[in-house]
Amino acid sequence: MNQRTVRVKVPASTANLGPGFDAVGMAFQLYTTIEMRLASETKLVLHGEELAQVPTDKTNLLYEVAALLFQRAGLTPPELYMEVSTDVPMTRGLGSSAAAIVGALVAANTLADEPFTRDELFAMASNLEGHPDNVGASLFGGVVVATMPESEEKPVPYVRFDSPKGLQTLVIIPDFWLPTEEARQVLPEMYPRKDLVYNVGRSSLLVAALAQGRLDLLAEAMKDRLHQPYRSKLIPGLSEILAEATQHGAIGAALSGAGPTILCFYQSDEQHATLLDFVGRVMNQHGISYRALVLPVDETGVTIEII
Ligand code: HSE
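Residues numbered from 1 in each chain as written. Predicted model: local features only at pLDDT ≥ 70, side-chain atom pairs only at ≥ 80, totals over all residues. Heavy atoms only, no water.

Quick one: what's the story with the site of the ligand, residue by residue and with numbers?
Looking at the ligand, the residues that line it are Asn 16, Phe 21, Asp 22, His 131, Asp 133, Asn 134, Thr 180, Arg 184, Arg 231, Gly 257 and Ala 258. A distance of 2.6 Å separates an oxygen atom of the ligand from a polar side-chain atom of Arg 184. A distance of 2.8 Å separates an oxygen atom of the ligand from a polar atom in the side chain of Arg 231. Here the ligand, which alone exposes 260 Å², has 96% of that area covered by the protein. For the shell around the ligand, the elements supplying multiple residues, two or more each, are α4 (133-140) and α5 (180-185). Residue composition of the shell around the ligand, grouped by class: two nonpolar, five polar and four charged. (Near = heavy atom within 4 Å. Polar contact = N/O pair within 3.5 Å; in protein donor to acceptor, adjacent residues only side chain to side chain. Areas by Shrake-Rupley, 256 points an atom, 1.4 Å probe, with all protein chains shown as cover. Helix = DSSP H or I, 4+ residues; strand = E, 2+ residues; numbered from the N terminus. Nonpolar A, V, L, I, M, F, W, Y, C, P; charged D, E, K, R; others polar.)

Talk me through the packing of helix α1 (residues 61-72) against helix α3 (residues 118-129); I want residue IDs and the actual numbers.
One way to put it is that α1 packs onto α3 with a least axis distance of 12 Å and a crossing angle of 130°. As far as their axial angle goes, α3 and α1 are oblique. Crossing of α1 against α3: the hand is right-handed. From α1, Val 65, Leu 68, Leu 69 and Arg 72 reach across to α3, where they touch Leu 121, Met 124 and Leu 128. For the contact of α1 with α3, the class distribution of residues is six nonpolar, no polar and one charged. (Axes fitted to C-alpha atoms, helices over the stretch in contact; angles between N-to-C directions. Parallel < 35°, antiparallel > 145°, perpendicular 65-115°, else oblique. Left-handed = near helix turned anticlockwise from the far one by under 90°. Contact = heavy atoms within 4.5 Å.)

Tell me what's going on with the domain arrangement of the chain, and back it up with residues and numbers.
Partitioning the chain into structural domains gives domain 1 (6-162 + 297-306) and domain 2 (168-294). Centre-to-centre, using C-alpha coordinates, domain 1 lies 25 Å away from domain 2. Contact residues are listed per partner, giving 22 residues for domain 1 and 37 residues for domain 2. Taking both sides of the interface into account, the surface hidden between domain 1 and domain 2 amounts to around 2,200 Å²; carbon and sulfur atoms contribute 66%. Per-residue buried area on domain 1 facing domain 2 is highest for Pro 19, Phe 21 and Arg 92; these three make up 31% of the total on that side. Taken together, domain 1 and domain 2 are joined by one salt bridge. With its nearest N and O atoms 2.7 Å apart, the salt bridge here joins Asp 22 to Arg 184. Across the contact surface, domain 1 and domain 2 share twelve residue pairs in polar contact (both at pLDDT 80 or more). When contributions to the side of domain 1 that touches domain 2 are tallied by element, the ones reaching two or more residues are β1 (6-15), β2 (24-38) and β5 (143-146). If you tally residues by element for the side of domain 1 that touches domain 2, the top one is β2, at three residues. Within the side of domain 1 that touches domain 2, the residues separate by chemical class into 13 nonpolar, seven polar and two charged. (Domains from an automatic or database assignment. Buried area = accessible area lost by both parts, 1.4 Å probe. Salt bridge = Lys/Arg side-chain N within 4 Å of Asp/Glu carboxyl O.)

Please set out the pattern of salt bridges residue by residue, giving values where relevant.
Enumeration over the complete set of coordinates arrives at twelve salt bridges. A salt bridge links Asp 277 to Arg 281, with the shortest nitrogen-to-oxygen separation between them at 3.0 Å. Of the two residues, Asp 277 and Arg 281 are both situated in helix α10 (residues 269-285); the distance of four residues between them amounts to about one turn of the helix. With a relative accessible area of 47%, Asp 277 lands in the partly exposed category. Through salt bridges with shared partners, one network takes in Arg 7, Glu 35 and Glu 305. (Buried < 20%, exposed > 50% of the residue type's maximum accessible area, 1.4 Å probe, protein only.)

Laid out in structure tokens, this is it:
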């Protein structure tokens, strides 16, 4: 085992991008940093307000995930010292739990002298998270298109590519939490065929448009009938923003992952100003306070430093 301290920096991410439910992810330059080293007693030091409610003992998700990696590698899970800081708001649809899982796996894998490849870590992270969209983006950066294999032992099939040039992202982060589980419970078990065909077409177009830089197609390609219409009732302002953002500066808009964050793509400063104004009006009408952030795409994915 490596006796040094491992520092991993993991990007936040968005998932779905509209119709690509559980399949399409994109990484952002907003980071969670985890330092991990072997210790005589397990201790987690968590920096920042976002992590104030998080446990600091072995029940912490990071420790549990790291322990699992050691077990899978045939090693007894060691006591660990960890320091964690994050700029990713939690439970908002920006992949905070995926970043935590990826960070813990990658750091523990490095301490364990790399028993697993990055693709094997991707499979582990996807199985832990339940879907590969956020974890794929956090691991590899850029745009990742992936789907769960039919059995857990198989690798996760995926394609990663750089984000289109000139694409800018505004995220609107409402000041309330929405657990993914809650946002999945409102989805139907069955869908009419016309809605499935609607999404298959748009999701396919979305991936092709992102891969070829066809920003002109995003407005149509980001429309969705599988999850956004059902989640709208949990997120005041979402339906108006999705319906009208492209008339107010956006070149495409979607719920970020399971929400409540809303994401708008744009290209120019003028579009950015128009969008901010529009979003402000809608959110104020609903009495929802929020933060708006411009997030550049992270094209690198998780990085590892041994210190
Ligand atoms: N694809 C997932 C969902 C993302 O929309 O429920 C949540 O992490």
